[in-house]
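Residues per chain are reported as follows:
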Amino acid sequence: MSITTVLTVDGMSCGHCERTVSAGLAAIPGVTEVVADAPSGRVTVASAQPLETAAVRSAVDGAGFTLVDEI
């Protein structure tokens, strides 16, 4: 079973930003797919289990962006 989580991330403005955020989130254990969309600021994450807010926030912050909403 796959769980889909939609996040709002502030600061993405281009394809490079999308790839940076996606790579950070893809490194979280259990994440199977990440699709980032800079124009909307949305990032869709598919995972095998529910994501931990602290892990997501750390990945987004580490990529240099800001997680706008909580999971």
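Remember, predicted model here, so these are calculated numbers, not experimental data.

The rules behind each value
- Residues numbered from 1 in each chain as written.
- Predicted model: local features only at pLDDT ≥ 70, side-chain atom pairs only at ≥ 80, totals over all residues.
- Heavy atoms only, no water.
- Helix = DSSP H or I, 4+ residues; strand = E, 2+ residues; numbered from the N terminus.
- Rg over C-alpha atoms; globule rule 2.2 N^0.38 Å.
- Buried < 20%, exposed > 50% of the residue type's maximum accessible area, 1.4 Å probe, protein only.
- Pairing = 2+ DSSP bridges.
- Contact = heavy atoms within 4.5 Å.
- Axes fitted to C-alpha atoms, helices over the stretch in contact; angles between N-to-C directions.
- Arc of directions from axis to C-beta.
- Polar contact = N/O pair within 3.5 Å; in protein donor to acceptor, adjacent residues only side chain to side chain.

J.: Describe the overall build of the chain, listing the residues and the values that go with them.
T.: A tally of regular secondary structure across the chain gives two helices and four strands. Seen in sequence order, the chain has helices and strands lined up from the N terminus as β-α-β-β-α-β. On C-alpha atoms alone, the chain measures out to a radius of gyration of 11 Å, which is about the 11 Å that the 2.2 N^0.38 rule sets for 71 residues. Seen along its three principal axes, the alpha-carbon backbone of the chain occupies a region of about 30 × 20 × 20 Å. Every one of the 71 residues in the chain was classed for burial, and the buried ones make up 35%.

J.: Talk me through the sheet that holds strand S2 (residues 31-37); I want residue IDs and the actual numbers.
T.: The strand order across the open sheet formed by four strands is S2-S3-S1-S4, and the pairing between neighbours is antiparallel. In the strand order of this sheet, the two ends are held by S2 and strand S4 (66-67), each with one partner. Inspection of the sheet shows strand S1 (residues 3-10) paired to S4 by two bridges, in the antiparallel sense. When the sheet's bridge partners are listed, aspartate 10 is paired in S4 with threonine 66. Of the strands in this sheet, S1, S2 and strand S3 (42-47) touch helix H1 (residues 15-26), which is tilted by about 160° from S2.

J.: Can you break down helix H2 (residues 53-62) residue by residue, with the values?
T.: One turn of an α-helix holds 3.6 residues; hence residues three or four places apart share an orientation. When we look at burial in H2, the residues that qualify are Val56, Ala59 and Val60. Each buried residue of H2 sits inside an arc of 95° when the element is viewed along its axis, so together they form one side. Seen from the open side of H2, the exposed residues pointing more than 90 degrees away from its buried face are Ala54, Ser58 and Gly62. If you follow the buried residues of H2, they end up packed against S1, H1 and S4. Positive phi shows up at glycine 64, right after H2, with a value of about 95°.

J.: I'd like to hear about the side chain of serine 47, residue by residue, with values.
T.: Here serine 47 is to be found in strand S3. Polar side-chain contacts of serine 47 include one of 2.7 Å to the backbone oxygen of glutamine 49. In contact with serine 47, not counting residues within four places along its chain, are Met1, Ser2, Ile3, Gly30, Val31 and Thr32.

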